[in-house]
Each structure stands twice: as C-alpha cells, then as structure tokens.
Amino acid sequence: MQIDGLASGIKTKDVIDALINVAAIPKTLVTNRITDRNSVISNLQSLNTALQALTDKAKAAASSTSLARYTASSSSEAVTVVAGETARAFSTDIVVDTLARAHAVVTAAGDATAFGGTFSLVAADGSVTEVTGSGSAAELAAAINAAKAGVTATVVPGGRDAQGAALSRIQITSTRTGAEGAFSLHRGTAAEVAASTSVDVATAPGAAVLAQGTDAVIRLFAGTAAEQVVTSASNTFTDVGEGIDITVGAVSADPVTVTVTPDAKAQSDAASAFVKEIATLLTRIDNGSKATVAAPGKTTTLGVFTGDSTVRSLRAALASAVQSPVDGVSPSTIGITVDKAGVLSFDADRFAAAMADDPEAVQSVFAAVSARVQATTTQYSDKYNGLVTQRITGQQGEVKTLEKQVERMDLRLDMRRATLERTYAAMEVRLSGLQSRSDWLTSQLSALTPSSK
C-alpha cells in the first residue's frame, strides 16, 4: 500500500518517481542504443535489397549481347519483323508463297440418329483415335473433344429434311496450323481404317474439306541461284536471320524487304540506365556516411553509415569495379566516367562515338565492368555469406543482447520501486504514530496547566 504524505506532507510518489528516473538512466542509454542499432539495421537491409537488385541487373548486363538493341522494319504491313538479343544488322527480300492454315472438315447433314457408331480420327502421322457416338451430332462432337486428339468439334446447323425436321453437321478443325495438323475422320474402327474398309466422312455427299492443313512457305533470295524455300507450321518463321523472326499475314508475289538495323539510342539508354543504378547506390552510401559538423556548443550529426567499415569497403569495391581498366582499356573510353569528387556518370556522346567506331569492343568492356559489379554486389549481398548480410546479422544479435539487458534492468527497477514504496510507507506509518503521541502529550500538558480566570 502506498501512503502519499499523509503524515509527513511529502509527496512520496513524486519522490519515488524521481529516484526511479535517476536509477533508469542506464536503461535509457541502452534503449537509445537499441533505437540507433535498429535504425542502422533498417538502412543496411534496405541497402542490401538494393545490392541484390543491382546483382540481377549486373548479371544481365554482363551478357555478351547485353547492348544488343535493334530496330526491325518491313516494306509490307503484312510482314512483321522481331529482332532478338542475338540479332545482327540484316536486310533481305522474301516472297510469301503460302500462309499456314489449320485443317478443317465438315460432315454431311444428318438427323438425330446419323452420328451413331464408331468413328476414327486419323492424324497426319498415321496415328488413329477411336471415338463413339450414340446418334446425335452433339454427342459425337463431345466425344471428339473429350478424346483430345488435336482437333475441336463444333455442331453447326444442317438445314431441314423433307419433313421439316432439323438437321445438323459437325465441323472439325485442327488445333494447330500446318501440314502436321492435317487429319481425316472415318466412319469405322481403327482396324477398318487399317484394312481400308472405313469411309472418309469428308467424301460423303454434302461433306467437304473446308481447309487443307498447309505450312506457310516463303522464299529467300528469290530469282537468284541461291533461292531457298523455307517452311513453317505457323505463320511465324524463326531465325530467318540470326536472332530474327518474321511473321507473315498475306501472300505476296512481290518481294518484301525486311531490315534490321542497330538502334543507337536504345543501346545508349540501356548502358545509361545500368550506370545510373550504380551511381544512385554510390550516392546513397555517400549521403549515409556524411557527418554534419555543428557549431561550437551544438550537436554533431552522424550519418547512419558513418564509421561503418563494411559499407566503406563496399563503396570502394564498387568504385573500383566500375572505373578500373579492362585489359588496359579505361571504361571512360565508352562513356563511364568518374569526376574528381568521385561521382559516377555516363557520357552518352562518348558512348555513341565508341559504338560507331567499334561496337564489339564497347560490348566487351561494358560486359567486363558489369561482371565485376556483379561479383562485388554478390560478395556483399549474398543471403548466406554476404558481408553486408553478416553485418546485419551481427547488429541484430547485438540488439537481442541489449533487449535482454533492458528486461533485466526493468526487473531491477520494479524491485527498486517496490522497496522504495515499502520504505516510505513504513516512514509514514511511523510518523503517524509519533504524531499521535505528540498530540496526546500536548493534550495532557494542556490539562495540567491551571486556568488564568
């Protein structure tokens, strides 16, 4: 029980709080250290995330084709050209002879009982898939679709018979274009197909082959001794030139010119974006490592990375990776420059001039610099052995130790408060007793004093 100055008139609660606040100064100092460490951890984790992102970008930039950027064009809107990473400057004429088509047939019209029995789907490679219908067109179409034989079946109207009853047809279409998607539907079993005793439904009166499955055909170097026919099951032809795909949309008797040229702006933008990523990271480290020196009597403010040897060595390693020569060639020759203040920048004009002079040499230097950046960022950000990762783990361990220390301090402070409360409560009780005796003695003395009347 806490008695707050009943006998002494002292605000014992305030006194105890003041004493506890003094005793809690070490705890406050430790708590402040925890706050500082958590701030460092948060910033290191953010830095580590940025390093890991840069690692991925550096890995891509270290490719021997990382600067491959090309503009592809065609003299016909019916032909589109796509240039991949392995593309090279290229120009040629093509003649489009045939477009790829999906094979399709339609059956003769029949009533609700015309599509019963066993049917066989025969693929272009000779494989046979049996399906069974119970009579209606819808049931046979469902059986064909369920067989997953590379075709789709749809029921379409077939008019009416002489009595006015509705008739139906089944249109069957290959799920892929090209000659390999061709098929035939036979009335009969697989054995009957093998024995040539089955009936091809497309040959029945009223049935038809709607589209013959064919490959797309183009000719390269048409009209020359080197003329070459190229086929494709789809309307897209891959690797017509190195890393160059074309898609045709219409037959053309006249040659169509396809052209692939280097895209200088895209190449420069790609290199610039990567260098900017590194520069941003270096600037972030520099800003976090600054110490703001205050005027006399004021507090000097330290950056979150000030004095951190791991971050300092990371900064030095990244700078070295970017600006060190590659086989005696300075990265500055391709536009990657560092000024006297250590600020990394990209000179687009110098890069463009270097690319125009020797694009392969520029790619080689750029890839080598990127590979060094990747090695550096991996060394520091690896999720198991990275130096920054280990620094974070060490800081987290220290925070846990400090938090346990605070828990012990809280326990001691609680015990100290309880002791002080008991001490002051006992003092108030003792003073109250003394006050009672004093009042009794005063009353007794007053009784012994004769009246002055």
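Here, every reference points to the structure presented above.
Rules of the game
Residues numbered from 1 in each chain as written. Predicted model: local features only at pLDDT ≥ 70, side-chain atom pairs only at ≥ 80, totals over all residues. Heavy atoms only, no water. Buried < 20%, exposed > 50% of the residue type's maximum accessible area, 1.4 Å probe, protein only. Helix = DSSP H or I, 4+ residues; strand = E, 2+ residues; numbered from the N terminus. Arc of directions from axis to C-beta. Contact = heavy atoms within 4.5 Å. Polar contact = N/O pair within 3.5 Å; in protein donor to acceptor, adjacent residues only side chain to side chain. Pairing = 2+ DSSP bridges. Axes fitted to C-alpha atoms, helices over the stretch in contact; angles between N-to-C directions.

Caption draft 1: Region of the structure containing helix α7 (residues 348-357). Among the residues making up α7, those that are buried are Phe351, Ala354 and Met355. The buried residues of α7 occupy an angular sector of 100° when the element is viewed end-on, so they sit on one face. Opposite the buried face of α7, by more than 90 degrees, sit the exposed residues Asp349, Ala356 and Asp357. Looking at the buried residues of α7, the elements they touch are α5 (264-289), β20 (344-346) and α8 (359-381). Of the residues flanking the start of α7, the one acting as N-cap is aspartate 347, its side-chain oxygen 3.1 Å from the backbone nitrogen of aspartate 349.

Caption draft 2: Inspection of the environment of aspartate 200 at higher detail. Summarising the element assignment, aspartate 200 is placed in strand β10 (residues 199-200). With relative accessibility at 22%, the residue aspartate 200 sits in the partly exposed group. Between the C-alpha atoms of aspartate 200 and histidine 186, which are 14 residues apart in sequence, the distance is 4.3 Å. Setting aside its immediate chain neighbours within four residues, aspartate 200 contacts Ser184, Leu185 and His186. Polar side-chain contacts of aspartate 200 include one of 3.0 Å to the backbone nitrogen of alanine 202.

Caption draft 3: Layout of the sheet that holds strand β8 (residues 166-177). Reading across the sheet, the four strands line up as β7-β8-β4-β11 and stay open at both edges, with antiparallel pairing between neighbours. Only two strands of the sheet have a single neighbouring strand rather than two, namely β7 (151-160) and β11 (208-211). Strand-to-strand twist in this sheet, taken as the mean axis angle between neighbours without regard to direction, amounts to 25°. Sheet analysis places strand β4 (residues 102-106) next to β8, joined by four bridges and oriented antiparallel.

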